[in-house]
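Notes for the structure review
For reference, the chains in residue letters:
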Amino acid sequence: MGRAAEIAAEAARRDIRTRWWMSAPALVIILLAAILPLFVVVMYSVMVKGDYGDVKYWQFSGEGWFSVFFERDMFDNSLSLADAHVSILWRSVKLSILTTLVSLLVGFPTAYFIATQDRTKRDLWLFLITIPFWTNLLIRTFAIQEVFRNEGVLNSALLWTGVIDKPIQIMFTESAIMLGMVYVYLPLMVLPLYASLEKFDFRLAEAASDLYARPRRVLFRVILPMVRPGIIAGSILVFIPSLGAYVTPRLLGGGKSLMLGNLIELQFGQGRNWPLGSALSITLTAMVMLVLIVYVRATSKTGDMRHG
């Protein structure tokens, strides 16, 4: 009996060593491509600002983190809230939330329509949904720019139909940024929603209707709870890239409606303040991690409810 236990323990140890060796390439890639660059950014965030847009190595200071939310007056050295940084941070969160909500409002009916089609037609609709991913993000942003500008497609159509007398100023506004991000990230909302709706048994909705439930009640009490994982996944896939968006706010918002990604780029470029740029980058990473934690907790609760 003792010999059998030793053989089993040795087999278990051998199995653990085999798993570690098989996962070693992936762990090395994660270390070199994710953990090590993040460690460098963290170190830069606590170093002293250099004279030429770099950092003074091994000279540490908390000025970078302090400057994320506070600033000193150049005359009397008094402290005050960094209004520009706070407003940009609030704008980033606000536009990301609005982008997610609008994408959900547009993406859910789209996914529902595709899921209720014949199986032979679903592939065609999914193909059409994924076509934008074939084009570079920069080109897609330039395309939506041609729609929103004063002489663009939208204003020209409204002027031609007599709805407006002069072009509507859409470009270089927060609305343009939000609509542009909806256009860019909408497929990321539709695909997870479709994956959930495809597995949904629509006979449950028919049964609820047969029991005299109104369409709104069927939607909120039957359909939405069952496709909640798709809603959460799609919202995360849209919210996270929107929070760190750079190209779309840069082209559609101009210099008046910066977002967090643009602010970080300015600190590493024209601002020549690498510690502040690094601190802002870590702040953005922490916000993304917080959203992912909320997502994991929400999905785990959904799984427990289903199994319960």
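The structure displayed is predicted, hence computed values, not measured ones.

Thresholds applied
- Residues numbered from 1 in each chain as written.
- Predicted model: local features only at pLDDT ≥ 70, side-chain atom pairs only at ≥ 80, totals over all residues.
- Heavy atoms only, no water.
- Axes fitted to C-alpha atoms, helices over the stretch in contact; angles between N-to-C directions.
- Helix = DSSP H or I, 4+ residues; strand = E, 2+ residues; numbered from the N terminus.
- Left-handed = near helix turned anticlockwise from the far one by under 90°.
- Contact = heavy atoms within 4.5 Å.
- Nonpolar A, V, L, I, M, F, W, Y, C, P; charged D, E, K, R; others polar.
- Salt bridge = Lys/Arg side-chain N within 4 Å of Asp/Glu carboxyl O.
- Buried < 20%, exposed > 50% of the residue type's maximum accessible area, 1.4 Å probe, protein only.
- Polar contact = N/O pair within 3.5 Å; in protein donor to acceptor, adjacent residues only side chain to side chain.
- Phe/Tyr/Trp six-rings, centres within 6.5 Å; stacked < 30°, edge-to-face > 60°.

Glancing now at the packing of helix α3 (residues 83-115) against helix α10 (residues 228-243). Look at α3 against α10: their axes get within 9 Å of each other, and the N-to-C directions meet at 145 degrees. Both α3 and α10 take part in a crossing whose hand is right-handed. Listed contacts from α10 to Ser-92, Val-93, Ser-96, Ile-97, Thr-99, Thr-100, Ser-103 and Leu-104 of α3 are Ile-231, Ser-235, Val-238, Phe-239, Ser-242 and Leu-243. In terms of residue class, the contact of α3 with α10 is made up of seven nonpolar, seven polar and no charged.

What the rule picks out here adds up to nine salt bridges. Arg-19 is the partner of Asp-15 in a salt bridge, and the nearest nitrogen-oxygen pair spans 3.1 Å. Of this pair, Asp-15 and Arg-19 both sit in helix α1 (residues 2-45), four residues apart, which is roughly one turn of the helix. A salt bridge links Glu-174 to Lys-94, with the shortest nitrogen-to-oxygen separation between them at 2.9 Å. Pair noted here: Glu-174 is in helix α7 (residues 174-199) and Lys-94 is in helix α3, with a separation of 80 residues, a long-range link. Among the residues examined, Lys-94 registers a relative accessible area of 25% and is labelled partly exposed.

In this section: the environment of Gln-270. Inspection of the secondary structure assignment puts Gln-270 in the loop between α12 (260-268) and α13 (274-307). Placed 217 residues apart in sequence, Gln-270 and Gly-53 show a C-alpha to C-alpha distance of 8.7 Å.

It is worth spelling out the side chain of Thr-100 at this point. Here Thr-100 is to be found in helix α3. Its relative accessible area of 8% is what places Thr-100 among the buried residues. Of note is the side chain of Thr-100, whose polar atom sits 2.8 Å from the backbone oxygen of Ser-96. Setting aside residues no more than four positions away along its own chain, Thr-100 makes contact with Met-189, Ser-235, Val-238 and Phe-239.

A few words now on the environment of Ile-232. The topology assignment puts Ile-232 in helix α10. Taking the C-alpha atoms as reference points, Ile-232 and Leu-38, 194 residues apart in sequence, are found 27 Å from one another.

Here the focus is the packing of aromatic side chains. Under the definition given, this model contains ten aromatic pairs. Seen in terms of ring centroids, Phe-127 and Trp-134 are 5.4 Å apart; in terms of plane orientation they differ by 70 degrees. Their pairing is edge-to-face. Chaining the aromatic ring pairs together yields one cluster made of Tyr-44, Tyr-57, Phe-268 and Trp-274.

Note that every value here comes from positions in space, so none of it alone points to a role or purpose.
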